[in-house]
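# Fold and contact review
The residues making up each chain are set out below.
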Amino acid sequence: AKINQLSQQTAAAQDQMMRGATTAVAGGYALAKSLAPAIDHVAALGEVQSLGVADDALQKLTKTSYEFGFQFGGNSAEFVRSAYDIQSAIAGLTGDELSEFTKTSNILAVATKADAATITSYMGTMYGIFKNQANAMGKSEWVEQLTGMTATAVQAFKTTGAEMSSAFTSIGAEATSAGIGMNEQMAILGTLQATMSGSEAGTKYKSFLAGVGKAQDALNLSFTDSQGAMLPMVDILNQIKGKYGETIDVAEGDALKKAFGSAEAVATINLLMNDIDGLGQSIDSLGNVTGMQQAEKMAMDMTDQSQRLAQSWYVIRAAWGSAILPVFNKFVGLIADMGTSVVWFTEAFP
């Protein structure tokens, strides 16, 4: 009888202990689910911190990610993760600059119907091409101008942020090395994209630049100024127009191909000559862009208000959860430790 009684008491004690442990674990899982936005956000911050970003920069990045979520319906954790790509591509950004680059990249992504990864890569490419200009102007001011200029170009030429990124990736620093401004490059690449992809536009423009030096001698024209710098594209096109007229026939096309050394360069000339005045106006219009107002307006027009509401709730949970996460981590750590004790007990008293 005593043995049976001990057996029953032991079984009841084990059952009570397991039910208690199960309840505690279930409570931990429920808390973890409610704190998922904060856990995800902190994990994203950890990725950025691994690149050596200081704590004050991380705090600034967190604040900016919340603002972006409330305004445009973006996910704060994804926003922070895009900062990882920015920091990897552009070394030496300060706390404010990292937040500014990340914010403008995500706004431009929304405005131009591109994903954040594509636009952050685009920002890194553009900084590499126009690094001297960006440092002279100030990185934050430069990236705002780039964002506004890109948004204006996307709207004017009916292209996308992804295609514009492909165009500049294809052309690289060729045009910048020739002294051509960002507004002229963007206008030319945007105009070319009326009939071709961004990468093809970049390839054709690059071929034109590669042949322009020897072409001026072959055509007995002058495409450079007294200092040897390349003339604006509008001036070059007008010189070609003056020599061959409004349209270029087959024989003239062959002569241009021989002078420039490629059919791609001739294709660039043919397309741009269709509306030289329009190209000039586009170059001037882009040159007048100083901020990112156009990008912000386009992003607001693209923002789904229901998505914005959902992400606002996400941001609130992330901010609230971040405040209590240290306590939560200590709590679930105790639960995890308790699991070890339960395993020890069942092994010690099978």
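Refer to the structure presented above.
This section reports on the structure supplied with the text. (Residues numbered from 1 in each chain as written. Predicted model: local features only at pLDDT ≥ 70, side-chain atom pairs only at ≥ 80, totals over all residues. Heavy atoms only, no water.)

We now examine the overall build of the chain. When helices and strands are tallied, the chain shows 18 helices and zero strands. Here the chain has a C-alpha radius of gyration of 30 Å; the compact-globule value for 350 residues is 20 Å, and the former is much larger. Structurally, the chain occupies a C-alpha span of about 115 × 35 × 35 Å along its principal axes. At a minimum sequence separation of 6, the contacts of the chain that also span at least 24 residues come to 73%. Put simply, the chain shows about 17,300 Å² of open surface, and 55% of that area lies on carbon and sulfur atoms. Looking at the chain, you have 22 positive and 34 negative side-chain charges, and the mean spots of the two groups are 7 Å apart. (Helix = DSSP H or I, 4+ residues; strand = E, 2+ residues; numbered from the N terminus. Rg over C-alpha atoms; globule rule 2.2 N^0.38 Å. Contact = heavy atoms within 4.5 Å. Areas by Shrake-Rupley, 256 points an atom, 1.4 Å probe, with all protein chains shown as cover. Lys, Arg positive; Asp, Glu negative; His and termini not counted. Charge placed at Lys NZ, Arg CZ, Asp CG, Glu CD.)

Take the side chain of serine 105 next. Here serine 105 lies in helix H5 (residues 95–111). Apart from the residues within four sequence positions on either side, serine 105 is in contact with Ile86, Ile119, Thr120 and Met123.

Let us now look at helix H16 (residues 276–287). The periodicity of an α-helix, 3.6 residues per turn, causes residues three or four places apart in sequence to face the same way. Compared with the 16 Å implied by 1.5 Å per residue over 12 residues, the 17 Å span of H16 between its first and last C-alpha is a close match. Restricting attention to buried positions, one finds in H16 the residues Ile276, Gly278, Leu279, Gly280, Ser282, Ile283 and Leu286. Its buried side turned inward, H16 meets helix H8 (139–157), helix H11 (182–192), helix H13 (233–244) and helix H15 (263–272). (Expected span 1.5 Å × (residues − 1). Buried < 20%, exposed > 50% of the residue type's maximum accessible area, 1.4 Å probe, protein only.)

Take the packing of aromatic side chains next. Counted under the stated rule, the structure contains eight aromatic pairs. Here phenylalanine 68 and phenylalanine 79 contribute two aromatic rings whose centre-to-centre distance is 5.2 Å and whose plane-to-plane angle is 40°, an arrangement assigned as tilted. Taken together, the positions of phenylalanine 68 in helix H3 (residues 55–72) and phenylalanine 79 in helix H4 (residues 76–89) put the pair 11 residues apart, joining distant regions of the chain. For the residue pair phenylalanine 68 and phenylalanine 79, the accessibility class agrees, reading buried in each case. Feature note: the residues Phe68, Phe72 and Phe79 constitute an aromatic cluster, connected by ring pairs. (Phe/Tyr/Trp six-rings, centres within 6.5 Å; stacked < 30°, edge-to-face > 60°.)

Inspection of the secondary structure puts aspartate 40 in helix H2 (residues 36–49). Overall, aspartate 40 belongs to the partly exposed group, its relative accessible area being 28%. Along the backbone, aspartate 40 and serine 76 are 36 residues apart, and their C-alpha atoms lie at a distance of 9.2 Å. Residues in contact with aspartate 40, not counting those within four places in the same chain, are Ala77, Arg81 and Tyr314. Side-chain polar atoms of aspartate 40 contact the side chain of tyrosine 314, separated by 3.4 Å. (Polar contact = N/O pair within 3.5 Å; in protein donor to acceptor, adjacent residues only side chain to side chain.)

Remember, this is a structural readout, not a statement about activity or role.
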